[in-house]
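Okay, here's what each chain looks like letter by letter:
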Amino acid sequence: MNVVVIDGQGGRLGRELIAAVSARCPAAEVTAVGASSAATAQMMKASPAHAATGENAVLVACRRADVILGPIGIVIADAMLGEITPKMAQAVGQSAAVRILVPLNRCDNIVAGVSDVPLSQLVDDAAKRLAALDE
C-alpha cells in the first residue's frame, strides 16, 4: 500500500502520522510530502521510505497514492497560512486515493462538531482507520 502523508508548517502532525502508520501498518510504503522544507525535515525524523517538498511533489504523490493522510487543510486552497496552493488542494481532492483527514480547528478553518481532542488521539484514530483499510 502506497501511503502519502502531507503536512505543512512545522510538520509535527505529519511526523506523528508516519510513526503511527509505521507501527500499525509496517508493510505500507510511506512517502512524506511537505508543503514546506521545515515540514519535510520534521517528517523525515520518522523515517518514511521517501520524502519530497513542494507543490509539484504533492501533485505527483497524489497521482501515485493509495491512501493520503494529513490535516484537513490539505484539501483547502490557501490553508496553513497559505502553504497549501490551489493546485495542491485540487490534487488531493481529485486523487483516486482514499483520504484520511485529521480534523484540526486551526488557521481559520473550523470543523463543526469536532471538539478539541488531543493530537495523539487524532493520530491514533487515523492510523486505526488506515489499518482497517488493509484488512
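Residues numbered from 1 in each chain as written. Predicted model: local features only at pLDDT ≥ 70, side-chain atom pairs only at ≥ 80, totals over all residues. Heavy atoms only, no water.

(A) A look at the side chain of threonine 40. Along the polypeptide, threonine 40 turns up in helix 2 (residues 37–44). Dropping the residues within four chain positions of it, threonine 40 is found in contact with Val33, Gly34, Ala51, Ala52 and Thr53. (Helix = DSSP H or I, 4+ residues; strand = E, 2+ residues; numbered from the N terminus. Contact = heavy atoms within 4.5 Å.)

(B) Quick peek at the pattern of salt bridges. For the structure on display, the rule yields five salt bridges. Note that glutamate 16 is salt-bridged to arginine 15, the shortest N-O span being 3.9 Å. Note that arginine 24 is salt-bridged to aspartate 124, the shortest N-O span being 2.7 Å. A residue pair is termed long-range when its members are at least 10 positions apart, and arginine 24 in helix 1 (residues 12–24) and aspartate 124 in helix 5 (residues 119–133) qualify at 100 residues. We classify arginine 24 as partly exposed; its relative accessible area is 39%. Accessibility expressed as a relative area gives 30% for aspartate 124, which makes it partly exposed. Put simply, Arg12, Arg15 and Glu16 are held in one network by salt bridges that share partners. (Salt bridge = Lys/Arg side-chain N within 4 Å of Asp/Glu carboxyl O. Buried < 20%, exposed > 50% of the residue type's maximum accessible area, 1.4 Å probe, protein only.)

(C) The environment of alanine 52, seen in detail. You can see alanine 52 is positioned in strand 3 (residues 50–53). By relative accessible area, which is 29% here, alanine 52 ends up partly exposed. Spatially, the C-alpha atoms of alanine 52 and alanine 35 are 9.0 Å apart, while their sequence positions differ by 17 residues. Each residue touching alanine 52, except ones within four places of it in the same chain, is listed here: Ala32, Val33, Gly34, Thr40 and Ala57.

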